[in-house]
Amino acid sequence: MTKSIRQSTLQTLGLGSVTDVFRSGRLPVDTGDMVDRVFGGPGNRGSLVISGANGIVGAGKLMQLTSRLEPFGVRSVALSRARTADGIGPQYPGLVEALGKERADRIMANIVRVKYDGANVPEDLNKWQPRFLLEAIPEILEIKKAHYKIFRQAFPEIEIRSVTSGFPSSELGVGVMHPAFPHQTNKVWEIVEEDPSAVTQLLWALGLVPVPVSDDWSFVLDVLFCGVTLAGLRYHRVSNMPFWKIDKYVRKFVGPNPFRAHDVIGAKGANFLTWSCLRHLAEKYGGLFRPTPELDERQESGQNWYPPNHFRPLVNWRMNNEEEDEFLNWIQGALFQMTSLLLHEQRGHLSHINAIGELCAQFRRGILAVIRSLGTDAVIKRVEAYHKLYPEAGGSCWYPAVFEQLDSPEWQQLYVNAEHEGNVGVITISRETYNSDVDAELNRAIDWLKAEGIANVIVTGDFHLSTQMVGADTSEFYPALDDVEEGRRVAETWSVTARRLNDEFKVSVGFVNGKRCLGAFLELLTHCHYLVAVEDAVLGMPEVTLPVVPGMESCHWPFRKTDRTRWAKLIKLLLSGESVKAKDAVDWLIDYSGPMQDSLDTVWSLATNGGATGLPMRSLDEGVLEGIGADAGLEASDNPATEAARKAIMESVRSSCSVPLSEALDIQAKHSAGFTVTSYCREGSIGADRARTMLV
């Protein structure tokens, strides 16, 4: 029996625990088997039909699904009205760029385009044996229901899902697969169904991210995204601040640019969808969600929020602290109240609600992580201040009691979970970038396993929300651009956490189960006694390209675990910023790489048997390392910042390797922090991001 801090999100898909994955040595479901279940076996394979395929959603999901199903012989049928403009052809250049011309041509050739009159199923659709219909037609309930009716009459056994952004399944009469924008690349789908279905498990097997949510109006994503848009509109009405300026402040305090996003998606359609979601929410929940007159007007006109010739440079100004606090009352107050509704109605797993804001609505930190950091009293105070500004929101949909459980495991472990079966612990990380929230949760997960008496541990991604580990959340370094002590604090704190994986377990095994592991996450996992990666993963240290100096001990820790004949490879990895394939990193950066099943078997064997597996544990040299060279075989860069970063990284390598392990953490943290305050870093990508985001 597996014991865990909280339920893993994998279990919400009916796919068992992460421990089960390692113990069985295989993934919960096989992609080929799931394709057979949904579309029929190879001798009787049916097709995928996407209706409304010329629209933004339909065309985007057509590309995403066809590219994954084509290798299994599933034909895609793009169904559209004759009067609609071609939305499929413009997708081709993006396919070529992402997958190459040959693969793009195969995908496009697998799509059958069929026109229909909107009232009848085309007769020639029968020959393609439709098994699954993904409906992406306009958000008009009566039209959707009529659409399902004609398909069920023609194909009684067909599975139907709607991409609706607002209508509950109970209103539609079909299940919901609501995708996040941008539709070609965002892998997240909000799923509404009674129990995890074969369709949902197929999405997971195809490398997508299905997220179960409850059957309530507008689900989770659009409550948050339409909600922050509405909050911005309400502030506009009382302040007359232009929409582009509101965007800048929303980006500073929350993350997204809601008005700009509507224009990018296409204001005509996006305005209507936001208005439709809010209108239906208001009908059920009241004034908290009522659209403003500006939105009422623009849902009809389709007018952009950013005029082509607005006068941003002439009217740019900054709010003072008091004005910013009132702005937060309008924005955070509304969002916190809306979140209380999501929690009161139990619309999803807390980790799901938090992740949807980040992965789909572009929140810098998930809304629950923000609430947790502020604390119950501050959150309630913010909402009460909002009610004074906008009394109509105070009459309903306010559930402050839901914030009284902030100390519960579900609230405390939004990103990091831990489980064990009695002997081996498994720590899973569901955030693709490492930040202070992840760091704190990782420490709590380690503490929990140790309290449970677990001596052996596996550290990996969660096999669900996190499909890759791309390094540090660079917004964590904004304060360090001005404050060397802040930079040093982050480097030291994160490094101390990483060392726990080496120091506090008998055996620790890091496992890269996604497509890439970079920067801070790679630094974290190299602290494990063993590091295993699937063969198609790429590993890298891209800090030099930012530029920053790595602060989580990669300037000395890997050198201490690697034969000196391989040190040149580590130096090249650090100074080039280029990635390396996992299979080419064995014996100098990682310990094993292979196919998924072999890697799972290896990880479990190492975690249960350690050195008895025949794969020896690389020792960690805790003394002084001598003979560190500087020749990585790289040509000098014509970018002064890159050259400065290379020099600083090498200084960090030499300094932290020239002392015992006990002194190296402090030294490498000083080097990392010292470079962060230089003009090279302040004027690099992190400095540019900070200026664009925070210096409004």
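Novice: Looking at this structure, how should I read the side chain of Gln337?
Specialist: Inspection of the secondary structure assignment puts Gln337 in helix H15 (residues 321-344). Taking the relative accessible area as the measure of exposure, Gln337 reaches 0% and is therefore buried. Every residue in contact with Gln337, bar those within four places of it in the chain, is listed here: Leu288, Val383, Tyr386, His387, Ala393, Ser396, Cys397 and Trp398.

Novice: Even after reading the chapter, I still don't get helix H5 (residues 101-109), so can you show me in this structure?
Specialist: Think of an α-helix as 3.6 residues a turn; residues three or four steps apart then line up on the same face. Inspection of H5 places Arg103, Ala104, Ile107 and Met108 among the buried residues, and these make up the whole buried set. Along the axis of H5, the buried positions cluster into a sector of 135 degrees, meaning they face one direction only. Of the residues in H5, the exposed ones pointing more than 90 degrees away from the buried face are Lys101, Glu102 and Ala109. Contacts from the buried residues of H5 go to helix H3 (56-69), helix H4 (92-99) and strand S4 (111-116).

Novice: Would you explain H15 in this entry?
Specialist: Helix length check: H15, at 24 residues, gives a terminal C-alpha distance of 33 Å against a target of 34 Å (1.5 Å per residue), a fit within 8%. Largest kink in H15: about 25 degrees, centred on Asn329. Most of H15 sits out of view: 18 of its 24 residues are buried. Measuring from the side-chain oxygen of the N-cap residue of H15 to the backbone nitrogen of Glu322 gives 3.1 Å; that N-cap residue is Asn320.

Novice: What is the right way to read the packing of H4 against H5 from this model?
Specialist: Packed helix pairs are specified by the crossing angle of their axes together with the interaxial distance, meaning the distance between the axes. Put simply, H4 and H5 touch, their axes get as near as 7 Å, and they point 135 degrees apart. By the angle between their directions, the pair H4 and H5 is classed as oblique. Our pair here, H4 against H5, has a crossing hand that is right-handed. Here Tyr92, Leu95, Val96 and Leu99 of H4 come into contact with H5, specifically with Lys101, Arg103, Ala104, Asp105, Ile107 and Met108. Across the contact of H4 with H5, the residue classes tally to seven nonpolar, no polar and three charged.

Novice: I'm lost on the state of the cysteines in this one. Help?
Specialist: Covalent bonding between the sulfur atoms of two cysteines defines a disulfide. This model, assessed by the stated rule, comprises zero disulfides. In this structure Cys397 is a free cysteine whose sulfur lies 15 Å from that of Cys226, the closest cysteine sulfur available. By relative accessible area, Cys397 is classed as buried at 6%.

Novice: Just checking my understanding: could you explain the packing of helix H9 (residues 221-239) against helix H11 (residues 258-265) for this structure?
Specialist: Between H9 and H11, whose axes approach to 9 Å, the crossing angle comes to 120 degrees. If you check the angle between H9 and H11, you find them oblique. Here H9 contributes Phe225, Val228, Thr229, Gly232 and Leu233 to the contact with H11, which in turn contributes Pro258, Phe259, Ala261 and His262. Residues of the contact of H9 with H11, tallied by class, amount to six nonpolar, three polar and no charged.

Novice: Just checking my understanding: could you explain the environment of Arg365 for this structure?
Specialist: Tracing the backbone through its elements, the reader meets Arg365 in the loop between helix H16 (350-359) and helix H17 (367-374). On the accessibility criterion, Arg365 (27% relative accessible area) is partly exposed. Sequence separation between Arg365 and Phe253 is 112 residues; the distance between their C-alpha atoms is 9.9 Å. In this structure Arg365 touches Val254, Glu358, Val370, Ser373, Arg431 and Asp437, once residues within four positions along its chain are discounted. Polar contacts involving the side chain of Arg365 include one to the main-chain carbonyl oxygen of Ala369, which spans 3.3 Å. At 3.0 Å, the side chain of Arg365 forms a polar contact with the side chain of Asp437.

Novice: Help me out: how do you make sense of the nonpolar core in this one?
Specialist: A general trend in soluble globular proteins is that nonpolar side chains are found buried together. Counting residues in each nonpolar core, the largest one holds 223 residues, and the members touching the most others are Phe22, Phe151, Phe289, Ile427, Leu524, Leu539 and Phe559. The residues touching Phe22, leaving out its near neighbours within four places in the chain, are Val426, Ile458, Thr460, Phe463, Phe511, Leu600, Val603 and Trp604.

Novice: Is there a simple way to think about the pattern of salt bridges in this case?
Specialist: Two side chains with opposite charge may pair up if their charged atoms get near one another. Scanning the entire structure with this criterion turns up 36 salt bridges. With a closest N to O distance of 3.3 Å, Lys670 and Asp666 form a salt bridge. In this pair, Lys670 and Asp666 are both assigned in helix H27 (residues 661-676), four residues apart and thus about one turn of the helix distant. In this structure Asp666 comes out as partly exposed when scored by relative accessible area, which is 26%. Residues participating in the shared-partner salt-bridge network are Glu70, Glu102, Arg103 and Arg106.

Novice: Explain the packing of aromatic side chains to me, please; I cannot follow it from the model alone.
Specialist: Each pair of aromatic rings is reported with the distance of its centres and the angle of its planes. A full pass over the atoms with the stated rule returns 22 aromatic pairs. With a centroid separation of 5.8 Å and an interplanar angle of 75 degrees, the aromatic rings of Phe22 and Phe511 are classed as edge-to-face. Taken together, the residues span a long stretch of sequence, with Phe22 in helix H1 (residues 18-24) and Phe511 in strand S15 (residues 507-512) at a distance of 489 residues. Of the two residues, Phe22 and Phe511, neither departs from the other in class, the shared state being buried.

Novice: Looking at this model, I keep getting lost on the sheet that holds strand S16 (residues 516-518). Mind explaining?
Specialist: Two pairing modes exist for strands in a sheet, parallel and antiparallel, and in both the strands are linked by backbone hydrogen bonds. Read from one edge of the open sheet, three strands run S16-S18-S19, paired in mixed fashion. Since the sheet does not close on itself, it has two edges, and those belong to S16 and strand S19 (580-581), each with one partner. Direction of pairing for S16 relative to strand S18 (residues 538-540): parallel, over a ladder of three bridges. Within S18, the residue paired with Leu518 across the bridge is Gly540. Helix H22 (residues 519-526) rests against S16 and S18 of the sheet, and its axis sits at about 90 degrees to S16.

Novice: Which parts of the structure should I look at to understand the sheet that holds S15?
Specialist: Ordered by their spatial adjacency, seven strands build an open sheet running S1-S10-S11-S13-S15-S17-S20, and the pairing between neighbours is mixed. Lying at the two open borders of the sheet, with one neighbouring strand each, are strand S1 (3-4) and strand S20 (592-594). The sheet strands contacting helix H25 (residues 596-609) are strand S11 (424-429), strand S13 (456-461), S15, strand S17 (530-534) and S20, and the helix crosses S15 at an angle near 165 degrees.

Novice: Is there a simple way to explain the pairing of strand S10 (residues 416-420) in this structure?
Specialist: Each regular strand displays side chains that alternate between the two surfaces of the sheet. Taken across its five residues, S10 has five buried, putting it largely inside the fold. Residues Val416, Ala418 and His420 line one face of S10 and the alternating positions Asn417 and Glu419 line the opposite face, and both faces are buried. Of the strand pairs in this sheet, S1 and S10 are connected by two bridges, and their pairing is antiparallel. Within S10, the residue paired with Lys3 across the bridge is His420. Pairing of S10 with S11 involves five bridges; the strand directions are antiparallel. Residue pairing in the sheet places His420 in a bridge with Gly425 of S11. The hairpin turn running from S10 into S11, its antiparallel successor, is three residues long, and Gly422 in that turn takes a positive phi close to 115 degrees.

What counts, and where the lines are drawn
Along each chain, the written sequence defines residue order, and numbers are assigned to residues from 1. It should be noted that, the model being predicted, local features are given only for residues of pLDDT at least 70 and side-chain atom pairs only at 80 or more, the latter also being counted only at that level, while totals for whole chains, interfaces and linings use all residues. With hydrogens and water stripped out, all remaining heavy atoms of the structure feed into the side-chain values. We count a stretch as a helix when DSSP gives it H or I for four or more residues in a row; a strand needs E for two or more, and each element gets its number in order from the N terminus. Burial here depends on accessible area, computed with a 1.4 Å probe over protein chains only, as a share of the maximum for the residue type. Under 20% is buried, over 50% is exposed, and the range in between is partly exposed. Residues count as neighbours in contact if any of their non-hydrogen atoms are within 4.5 Å of one another. The arc in question is the one traced by the directions running from the helix axis out to the C-beta atoms. One fewer than the residue count of a helix, multiplied by 1.5 Å, yields its expected span. The seven residues ending at a residue and the seven starting there each receive a fitted axis; the angle between those axes is the bend at that residue. Within 3.5 Å is the distance limit for a polar contact, defined as a pair of N or O atoms, with the added protein rule that one can donate a hydrogen and the other accept it, and that residues adjacent in sequence qualify only through two side-chain atoms. Note on definitions: angles span 0 to 180 degrees between N-to-C directions of axes, and those axes are lines fitted to C-alpha atoms, for helices only across the stretch in contact. Angles below 35 degrees are treated as roughly parallel, those above 145 as roughly antiparallel, those between 65 and 115 as roughly perpendicular, and all remaining angles as oblique. For any helix crossing, the convention is left-handed if the near helix is rotated counterclockwise from the far helix by under a right angle, and right-handed if that rotation is clockwise. Classification used: nonpolar for Ala, Val, Leu, Ile, Met, Phe, Trp, Tyr, Cys and Pro, charged for Asp, Glu, Lys and Arg, polar for all others including Gly. Throughout, a disulfide means two cysteine sulfur atoms within 2.5 Å of one another. By convention a nonpolar core is built from buried Ala, Val, Leu, Ile, Met, Phe, Trp, Tyr and Cys residues, the set being connected through side-chain atoms within 4.5 Å. Basic side-chain nitrogens of Lys or Arg form a salt bridge, by our definition, when they fall within 4 Å of a carboxyl oxygen of Asp or Glu. Pairs were defined over the aromatic rings of Phe, Tyr and Trp, the Trp ring being its six-membered one, requiring ring centres within 6.5 Å. Orientation was assigned from the angle between planes: stacked under 30 degrees, edge-to-face over 60, tilted for the rest. Any two strands between which DSSP finds at least two bridges are classified as paired.

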